[in-house]
Amino acid sequence: MDFYDFLNMKIRLIKIFICIVILVIIGTFFLGLNKDSIYDTKGLEGSYIGNIKLDHFNKNEIISKKNFAQKGFTLINFWASWCGPCKIEHPFLIKLNNEPSLQIIGVNFKDKKENALKFLNDNGNPYDLLAKDKFGKYSINFGIYGIPESILIDENFMILKKFIGPITEKDYIFIKKIIKDS
Amino acid sequence: MRVKTLILSFVIIMNISNVFANDINKNEIFKNIRCLICQGQSVADSNSDFAQTIKLVVNDLIDDGKSENEIYNFLIEKYGEWIVYKPPFNSFTSILWIFPYLAFIIGGVLIFLLINKRENR
Amino acid sequence: MLSNIGNSILFFNLLLSLSIIYFAFQELKRNYNFINKKIYYISLIQSTLIIICFFTLIAGFLISDFSINAVYQNSHSLKPTFYKISGTWGNHEGSLLLWVIILTIFSFLFLVTNKNHSKKYRVYTLITQNILIIGFIFFILFNSNPFDVIIPTPNEGLGLNPILQDPALAIHPPLLYLGFVGSSIYFSAAIASLLTNYSGHNFARSIKNWVLISWSFQTIGILAGSIWAYYELGWGGFWFWDPVENASLLPWFAMTALIHSLIVLEKRKQLYFWVIILCLLTFTLSVVGTFLVRSGILNSVHTFANDPSRGIYILIFLSLMIFGSLSILFKRFKSNTYNFNYNSKETFILVNNWFMIFYLFTVFLGTIYPIVTEVFYSQKISVGPPFYNTVIIPIVILFLFFMSIGPKVRWIKDNIDNLKTTLMILLGSVLINLFIFLFFKSYSLLSNLILISSIFLIISTARDAINLLKNKEYNISRIIAHFSFGLLILFIGLNYNFSSEKDFNLKVGEVKKFENFSIKFKDLNLKEFKNYKAVIGTFEIDDFKDNTKLFLSPQIRIYDNPSTLTYEASIRSGLLKDFYITMSNIDRSDYYNIKFQKKPFMVWIWISVILISLSGFLRFFKYENKIN
């Protein structure tokens, strides 16, 4: 039996195979149409944050994992005085500050100290602990790519939720629910 | 003839010695990292805030003596696989990396069979 | 008013296409071997009307008739006239209209230029072509109608994205579409050929020119896009392996394979079904490309306003097209035996096809793979330049070697008698490469091989050219194509390895020194233009190595309609190198981010591609002369 006999025998199979491949491709296209083509990092929820390193806002010391609440939840909020949407989410942070089992850590991002202080004076200070990231380098370690952005973690440093953009009413209710359910 | 062989071996040796003269290329790394807030731009091409920060961090990592792959893996851990333009080889990118070569080999075999069959007759 | 004219013409053309199909089927029943004049006339009227329709839209753009949706979405009364006109096809709806125009005109041209071919074959081609026309007119009328009316009429348009206001991009879509849509003719002809059992030789002769023309336009169209990306996107690269770029490259690979295998079909009457498959594949890939670009399924540099309903429509059309043509192909397919010799020209042409299909497959897979992982694994990944470079470049080296040897081989069988010369040329190429890196700069193994293989191709082809001229053969289009392809790869290789790039922040008045350059940020001016304001920086660049001094002035443009910032590169092009500088503002700082690049041989990359494209036109005109 040579190559051509083989080919003739298998021709039906090859035809069916081609049809299936094309159907799969078209099916993929069809399903792909309904997917959002804009990327965010929400896929990383459920993973753990490794080494944590941040500068303290006032003191000349480094904030690491041991400064984080050993029990309950922590919300790490990245903000700056020059960021418009940060003002919008600020009232929700103030309200969340009343939650006893939620620690809020604010990270002042690429900001000037006096501007940041003025912002907190004008809008209130919801943070249990205030850190700064002058060059934005530490934020990379948290997977931040634009502010405002907030990360809700549990005591094991697992990411429960990423809030990309300002925290909204819905996010606020979500956080309250998580705390209540635990 | 002897002269030719001499020239040839010289050329080959020079070519080989040339290959090892390469070190880590920052720009190459920046080109392989996607700027998340841009439309299809790499960090090297973009001048957004995010791109600037990533450049700073990558520079630090290089100074720490991290290899190219360690840098990519660090960023993938933080931002997901979307951030690198060269998808790492794993279970769901295996088709992407293997199939082109497979297609190449199958194509070659097909042509070989076509020709070989004629030779046998 | 204008929109009524446009809509009625489109609708009327739909009816004309239906009538052509009807009359064409009537024709099939008649025995005489010519096509009724009536069909010619309808086709001519159809072409004329669609051109009028297009001018109606252009008129809408020119007089800024914002009651027309496409004009409102993409134009502005203050826009320069040139960009008002190019805005006509710079958007989805208008470009679809352009697509239909080319479909219609080509359909008419095929009808009148193939009078010496069998009637049945021509009639079936016409029918298939008109089915395609109907499909696209339907798409326009019911989904993407440029003539949609907005009530009440807006006072002002939204304006065209400033990065699209560019001469290279104004000609890019028409050129590319001549390639994309040109392939519809041989799609239709392939269907007709299958249905009528037309002889492979005649089929090859009738589509050869169409393949050449569409390939040449496709090549030059890709180039226009590439040049645009080089200076307008402001990154100094010329190919980004972006999904939209890949979409234009996919049909190009198929066309290139087709050009080669068509020679075998014409001269040796072999590979009939393979040629048919390539014909069907080329146009299918053009439509797939349109789908990928227009549906917004992929994340790309090129932000087209996207709408999933378009995607659904094109996808349905695509499925019908693929399965329709596939069922005809499968019904008619007979596996025939081939006679190939391992060292014959046919074999080397097959080798070309083997590589082309490999490139095609790799680029296709890379382009759609992010969709695959998203759909099946809910995981978003990016497939970008490093993937394509890793997979494709090593294979290109092999390809260049085959390309050097292939054309020397004679039809049917050849003996390797010129092995010695080949080896000498190879040695020469290695020496030249050695010279380059010893005296200039060292580079990687892969780059070494790329340079060696491209130099090898260039010298081999040049030697072929001398032999051909000695034998008074003047069929040099192939030589030009292969020679300039060698040049292209060589210059891309040199450009890649000898570019210098520097990225730094400067304030007005500061100087940056590095390597053998000194760059001074002299001053910064604000200027008002007709439709934008520009912040213009002046930079003094000293290259101590070449003792050159030059001034470059990149801009940051602030457009109002729509309000956008664009960064305009300032480029000094030269025969040996380009100097390239862009500047961008840094938020909350008076520093500017400066990107400086020295890019050698850019002009030669463009010239090589122009030569490749010219070779196609040259062959076309030569072929034309032969017939007359």
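Predicted, not measured: the structure shown is a model, and the values here were computed from it.

1. Some words on the overall build of chain B
Helices and strands together make up the secondary structure of chain B, namely 5 helices and 0 strands. Counting all 121 residues of chain B, 46% fall into the buried class.

2. Considerations on the domain arrangement of chain B
Residues and elements named next belong to chain B. One can read the domain layout of chain B as domain 1 (24-88) and domain 2 (91-121). Taken over C-alpha atoms, the centre of domain 1 sits 35 Å from the centre of domain 2. Summed over both partners, the interface of domain 1 with domain 2 buries about 300 Å², with 64% contributed by carbon and sulfur atoms. For domain 1, the biggest contributors to the area lost against domain 2 are Glu81, Pro87 and Pro88; these three give 84% of the whole. For the pair domain 1 and domain 2, the number of links is 0 salt bridges. Taken together, the links from domain 1 to domain 2 amount to 2 residue pairs in polar contact (both at pLDDT 80 or more). Looking at the side of domain 1 that touches domain 2, its residues break down into 2 nonpolar, no polar and 2 charged.

3. Comments concerning the packing of helix H9 (residues 243-268) of chain C against helix H10 (residues 272-294) of chain C
Residue and element names in this part refer to chain C. Viewed as axis vectors pointing N to C, H9 and H10 meet at an angle of 170 degrees, and their least axial separation amounts to 9 Å. Classed by the angle they form, the pair H9 and H10 counts as roughly antiparallel. Residues Val244, Ala247, Leu250, Pro251, Ala254, Met255, Ala257, Leu258, Ser261, Leu262 and Leu265 of H9 form the contact with H10, whose participating residues are Tyr272, Trp274, Val275, Leu278, Cys279, Leu281, Thr282, Leu285, Ser286, Gly289 and Val293. Its residues assigned to classes, the contact of H9 with H10 comprises 18 nonpolar, 4 polar and no charged.

4. Points about the interface of chain A and chain C
Contacts between chain A and chain C engage 23 residues on the former and 32 residues on the latter. Interface area for chain A against chain C, summed over the two sides, is near 2,400 Å², with a carbon-plus-sulfur share of 77%. The interface formed by chain A and chain C includes 0 salt bridges. Applying the counting rule to chain A against chain C returns 1 residue pair in polar contact (both at pLDDT 80 or more). Class assignment for the residues of the side of chain A that touches chain C results in 15 nonpolar, 4 polar and 4 charged.

5. A short note on the packing of helix H8 (residues 200-232) of chain C against H9 of chain C
Residue and element names in this part refer to chain C. Across the interface, H8 lies against H9 with an axial gap of 9 Å and an inter-helix angle of 150 degrees. Considering the angle they form, H8 stands roughly antiparallel to H9. As H8 runs across H9, the sense of the crossing is left-handed. By residue class, the composition of the contact of H8 with H9 is 16 nonpolar, 7 polar and 4 charged.

6. What about the environment of Tyr186 of chain C?
Summarising the element assignment, Tyr186 of chain C is placed in helix H7 (residues 167-196). Along the chain, Tyr186 of chain C and Gln129 of chain C lie 57 residues apart, while their C-alpha atoms are 9.5 Å from each other.

7. Concerning the pairing of strand E2 (residues 511-514) of chain C
Residue and element names in this part refer to chain C. Pairing analysis gives 4 bridges linking E2 to strand E3 (residues 517-528), with the strands arranged antiparallel. Within the sheet, the bridge partner assigned to Phe514 lies in E3 and is Phe517. In sequence, E2 turns back onto E3 through a hairpin of 2 residues, with Glu515 there showing a positive phi of about 40 degrees.

8. Notes on the domain arrangement of chain C
Residue and element names in this part refer to chain C. On domain assignment, one finds that chain C holds domain 1 (1-165), domain 2 (389-498) and domain 3 (500-603). On the side of domain 3, 7 residues touch domain 1, which itself brings 11 residues to the contact. When domain 1 packs against domain 3, close to 710 Å² is buried across both sides, 58% of that on carbon and sulfur atoms. Of all residues in domain 1, His76, Leu78 and Pro162 bury the most surface against domain 3, accounting for 54% of the area lost on that side. Linking domain 1 with domain 3 are 0 salt bridges, by the criterion used here. Summed over the shared surface of domain 1 and domain 3, the result is 0 residue pairs in polar contact (both at pLDDT 80 or more). Split into classes, the residues belonging to the side of domain 1 that touches domain 3 amount to 6 nonpolar, 4 polar and 1 charged.

9. Section: the state of the cysteines
For the structure shown, the criterion picks out 2 disulfides over all chains. A sulfur-sulfur separation of 2.1 Å characterises the disulfide bridge that pairs Cys83 of chain A with Cys86 of chain A. The S-S bond linking Cys83 of chain A to Cys86 of chain A shows a torsion near 95 degrees; that makes this disulfide right-handed. A residue is classified by how much of its surface remains accessible, and Cys86 of chain A, at 1% relative accessible area, is buried. A disulfide bridge connects Cys35 of chain B with Cys38 of chain B, and the sulfur atoms are separated by 2.1 Å. One disulfide, between Cys35 of chain B and Cys38 of chain B, carries an S-S torsion of 55 degrees and so falls in the right-handed class. Neither residue differs from the other here; Cys35 of chain B and Cys38 of chain B are each classed as buried. Here Cys19 of chain A stays unpaired: no disulfide links it, and the sulfur of Cys279 of chain C, its closest cysteine neighbor, is 20 Å away.

10. Notes on the sheet that holds strand E7 (residues 159-164) of chain A
Residues and elements named next belong to chain A. With mixed pairing, 7 strands are arranged side by side in an open sheet as E2-E1-E5-E4-E3-E6-E7. At either margin of the open sheet sits one strand with a lone partner, and together these are strand E2 (62-63) and E7. As paired elements, strand E1 (residues 54-56) and strand E5 (residues 129-133) share 2 bridges and run antiparallel to each other. By the bridge assignment for E5, His56 is matched with Ala131. Contacts from helix H5 (residues 169-181) reach strand E3 (73-79), strand E4 (102-109), strand E6 (149-153) and E7 within the one sheet, and its direction differs from that of E7 by about 170 degrees.

Conventions used here
Residues numbered from 1 in each chain as written. Chains lettered and ligands numbered in written order. Predicted model: local features only at pLDDT ≥ 70, side-chain atom pairs only at ≥ 80, totals over all residues. Heavy atoms only, no water. Helix = DSSP H or I, 4+ residues; strand = E, 2+ residues; numbered from the N terminus. Buried < 20%, exposed > 50% of the residue type's maximum accessible area, 1.4 Å probe, protein only. Domains from an automatic or database assignment. Buried area = accessible area lost by both parts, 1.4 Å probe. Salt bridge = Lys/Arg side-chain N within 4 Å of Asp/Glu carboxyl O. Polar contact = N/O pair within 3.5 Å; in protein donor to acceptor, adjacent residues only side chain to side chain. Nonpolar A, V, L, I, M, F, W, Y, C, P; charged D, E, K, R; others polar. Axes fitted to C-alpha atoms, helices over the stretch in contact; angles between N-to-C directions. Parallel < 35°, antiparallel > 145°, perpendicular 65-115°, else oblique. Contact = heavy atoms within 4.5 Å. Left-handed = near helix turned anticlockwise from the far one by under 90°. Pairing = 2+ DSSP bridges. Disulfide = S-S within 2.5 Å.

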